[in-house]
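Here is how the chains run, residue by residue.
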Amino acid sequence: MDNSNRRSFLKKSVTGAAGFYIVPSHVVSGLGHVTPSDKLNIAGVGVGGKGRPNLNAMKSENIVALCDVDWEFAKPCFEDFPEAKRFEDWREMFDTMGKDIDALMIATPDHTHALIAATALQLDKHVYCQKPLTHSIYESRLLTELASQHRVATQMGNQGNSGIDAKEVIEWIQNGEIGEVREVHAWTDRPIWPQGLERPKEILSPPKTLNWDLFLGPAPYRPYHEIYTPWNWRGWWDFGTGAFGDMACHVLDPVYAALNLGYPSSIEGHSSPMNTESAPQSEQVKFHFPARKPLEKLSLPEMDVYWYDGGLLPFRPELLPEGTDLMADGLGGCLFIGSKDTLFCGSGGVGRRLLSGREPKVKPWLRRIPSAKGYKDGPHEQDWIRACKESPENRTESTANFAYAGPFNEMVLLGVLAVRLQSLHKTLAWDGPNMRFTNIAPDDRLKVKQSDGFTRINGRPRFNSQFVDLNAEETIQEYIRHQYREGWLLPG
């Protein structure tokens, strides 16, 4: 189908698909509704990596279509669901099967999330999208607004959000068990993929099973190289958001939820050497948040959130037992510094405990999701499926729905920007509602390394690193709202 016919189909589908939902049967304990006997028709886009376990966690439903640009990488998932129709291009999938798809699972590289999700929302499809929700702040804002306009269920794929451990961390904090929180430290040991790399000069031919142009999608064109995909795309700015974008959506989730953080007022970032192409190996970021509206049992004063990755860790607090491994869960962790106590936990709240040794006795009030103890796939996806099957008027939204995940993802992407803008040597003041920095002058310049140039002459070091000099205002606008490659258009 050509582009003009495709646009015509999408326009007709948007106006004709409104109002679809599966009516729930009757109310019971637990989640609130029994899943009706009717099954959703779910399509998956990006099924070679994380999309495969996501879809297997959804196999209670009908998996009707699978789409991936790399059919060799996607082969195991194709074998999991042999009856599902296969596609390279998600647009062709919608053209061919749009009326037969109720819900969409998206697990493509970060830079294509928004395009696919926004199109699906305009077609009134339920959407499950892997974290980070989007590649840019504007894209997050757009998905938040589209999700508010359409009567569908949404979920970001940060599975710890559904965990009972995360709910307990939120309840402890909001019950005032550690007092006022003015400081949080969060960390991960990622990246476990290459970062801090320069663009390879060697030009390779893509495998016959990979559609390289579709992999690039809205990103600027570059020749294929095997270092980009599969998996390693996370470390390249055009495709991913580095360790921060990948892991902060997991680790910072109970922080954002428990303390009602909203928009930070300022950010500052530092890192190991980075360049125009690739994220650094390690980062530190500081967010400052203004005071928020107090909760029933907890004041929410202004506070700072500190982030560390790439092996960097906060200094060990008092009362933390010697020998305690801050990376014991293999993902990351948090320290909530309160006026009465300190709470320590792993990613998603796993292993939560107070450093005083006291075990809080807090009556649970947040909704629990069956089988969500621990950090695992399954309950998060099934809670989204439950929400899909409830009527819009009576739906209990999943807790990582886009109304929550969109603003949270904006915070995460601000952390990425703090690192990319560090050469300004400023604490950057952020106007969240208007998506802009308020202390960038017209003549501010960004000086970003393009390539290293270390050599030895007669045994002595010589440095000849190359830098690019960029107008800060123009570059920041591109970081906040990407200009897409010709032929790709983000729905409005």
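What counts, and at which threshold
- Residues numbered from 1 in each chain as written.
- Predicted model: local features only at pLDDT ≥ 70, side-chain atom pairs only at ≥ 80, totals over all residues.
- Heavy atoms only, no water.
- pLDDT = per-residue confidence, 0-100.
- Contact = heavy atoms within 4.5 Å.
- Phe/Tyr/Trp six-rings, centres within 6.5 Å; stacked < 30°, edge-to-face > 60°.
- Helix = DSSP H or I, 4+ residues; strand = E, 2+ residues; numbered from the N terminus.
- Buried < 20%, exposed > 50% of the residue type's maximum accessible area, 1.4 Å probe, protein only.
- Lys NZ or Arg CZ within 6 Å of the ring centre and 35° of its normal.
- 1 Å grid on protein atoms, 1.4 Å probe; cavity = no way out; pocket = protein on both sides within 12 Å on 5 of 7 lines; lining within 4 Å.
- Points joined across faces, edges and corners; volume = space filled by probe spheres on them.
- Nonpolar A, V, L, I, M, F, W, Y, C, P; charged D, E, K, R; others polar.

Here we come to the confidence of the model for the protein. When the pLDDT values of the protein are averaged, the result is 92; 92% of them are 70 or greater. Scored below 50 in pLDDT, residues 1-36 shows 56 contacts in the model against residues more than four places distant or in partner chains.

Moving on, we get to the packing of aromatic side chains. Counting across every chain of the model gives 18 aromatic pairs. Ring geometry for tyrosine 228 and phenylalanine 239: centres 5.8 Å apart, planes at 80 degrees, overall edge-to-face. Placement of tyrosine 228 in the loop between helix 8 (212-216) and helix 9 (242-251) and of phenylalanine 239 in the loop between helix 8 and helix 9 is noted, with a sequence separation of 11 residues between them. Relative accessible area serves as the criterion here: at 1%, tyrosine 228 is assigned to the buried category. Taken together, the aromatic side chains of Trp212, Phe215, Tyr224, Tyr228, Trp236 and Phe239 make up a single cluster linked through ring pairs. If you follow arginine 91 out to its NZ or CZ, it ends over the ring of tryptophan 488, 4.2 Å from the centre. A cation over an aromatic ring shows up here: arginine 420 above the ring of tryptophan 237, its NZ or CZ 4.2 Å from the ring centre.

Glancing now at empty space enclosed by the protein. According to the stated counting rule, one finds 1 cavity of 30 Å³ or more in the structure shown. By volume, the largest cavity amounts to about 110 Å³. In terms of lining residues, the largest cavity is bounded by His135, Ser136, Ile137, Trp237, Gly240, Thr241, Leu413, Val416, Leu417, Arg420, Tyr479 and His482. Class assignment for the residues of the lining of the largest cavity results in 6 nonpolar, 5 polar and 1 charged.

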